[in-house]
Amino acid sequence: MRKLAAVVLGCLLLAGCAASWQQELRYKIVSSHNTSSSEFFDLELVGEVPGGSLKPEDLKSTPLLTSQAGGAQVGDEVLCSVEQEKGNAFGNSNVVTHIRKCKKA
């Protein structure tokens, strides 16, 4: 019985420390820039940062590969699926923001 309790407690600790948040957000493409081999759009959030996000400051402005912008250009607005993930205490506990599935609004 003690072994079972220890296993359950261990699983709860591992699962309880991880978190994720996901929402569709609207961004405006304000500019573009090139790095060594890729072209990026600079995105600015339209409106307020939604509550409940794990790291709100990462949502205000962000770069996006132009190939992921769904044919949009500078000045256009795009709707993007945004996900933030936080690891657990035993691995990487940093918050990572992923922007996926952007389409012209």
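One can find the structure itself at the top, above this paragraph.
Predicted, not measured: the structure shown is a model, and the values here were computed from it. (Residues numbered from 1 in each chain as written. Predicted model: local features only at pLDDT ≥ 70, side-chain atom pairs only at ≥ 80, totals over all residues. Heavy atoms only, no water.)

So, on to the overall build of the protein chain. A count of helices and strands for the protein chain gives two helices and five strands. Along the protein chain, helices and strands appear, N-terminal first, in the series α-β-β-α-β-β-β. Here the protein chain holds 105 residues, and the buried ones make up 25% of them. Considering only contacts within the protein chain whose residues lie at least 6 apart along the sequence, 59% involve residues at least 24 apart. By element, 52% of the accessible surface of the protein chain is carried by carbon and sulfur atoms, the whole surface being about 6800 Å². (Helix = DSSP H or I, 4+ residues; strand = E, 2+ residues; numbered from the N terminus. Buried < 20%, exposed > 50% of the residue type's maximum accessible area, 1.4 Å probe, protein only. Contact = heavy atoms within 4.5 Å. Areas by Shrake-Rupley, 256 points an atom, 1.4 Å probe, with all protein chains shown as cover.)

Right, let's talk about the state of the cysteines for a bit. Simply put, the disulfide is a covalent bond whose two ends are the sulfur atoms of two cysteines. For the coordinates displayed, the defined rule picks out one disulfide. Across a sulfur-sulfur distance of 2.1 Å, Cys 80 and Cys 102 are joined as a disulfide pair. Judged by the sign of its S-S torsion, about 115°, the cystine formed by Cys 80 and Cys 102 is right-handed. With Cys 80 in strand 4 (residues 77-86) and Cys 102 in strand 5 (residues 95-104), the pair connects residues that are 22 residues apart, well separated along the chain. Residue class for Cys 80 comes out buried when judged on its relative accessible area of 0%. (Disulfide = S-S within 2.5 Å.)

This brings us to the side chain of Ser 53. Checked against the element boundaries, Ser 53 lands in the loop between strand 2 (39-45) and helix 2 (57-60). The buried category is assigned to Ser 53, whose relative accessible area is 12%. If we ignore the near neighbours within four places in the chain, the residues touching Ser 53 are Trp 21, Leu 59 and Gln 84.

Applying the stated criterion across every chain, the model contains five salt bridges. The residue Glu 77 makes a salt bridge to Arg 26 at a minimum N-O spacing of 2.9 Å. In this pair, Glu 77 is assigned in strand 4 and Arg 26 in strand 1 (residues 19-34), connecting sequence segments 51 residues apart. On the basis of relative accessible area, Glu 77 is assigned to the partly exposed category, the value being 27%. Classification of Arg 26 by relative accessible area gives partly exposed; the value is 34%. Between Glu 83 and Arg 100 there is a salt bridge whose closest N-O contact spans 2.9 Å. In this pair, Glu 83 sits in strand 4 while Arg 100 sits in strand 5, placing the two residues 17 residues apart along the sequence. Exposure remark for Glu 83: the relative accessible area of 17% places this residue in the buried category. According to the relative accessible area criterion, Arg 100 is partly exposed, its value standing at 40%. (Salt bridge = Lys/Arg side-chain N within 4 Å of Asp/Glu carboxyl O.)

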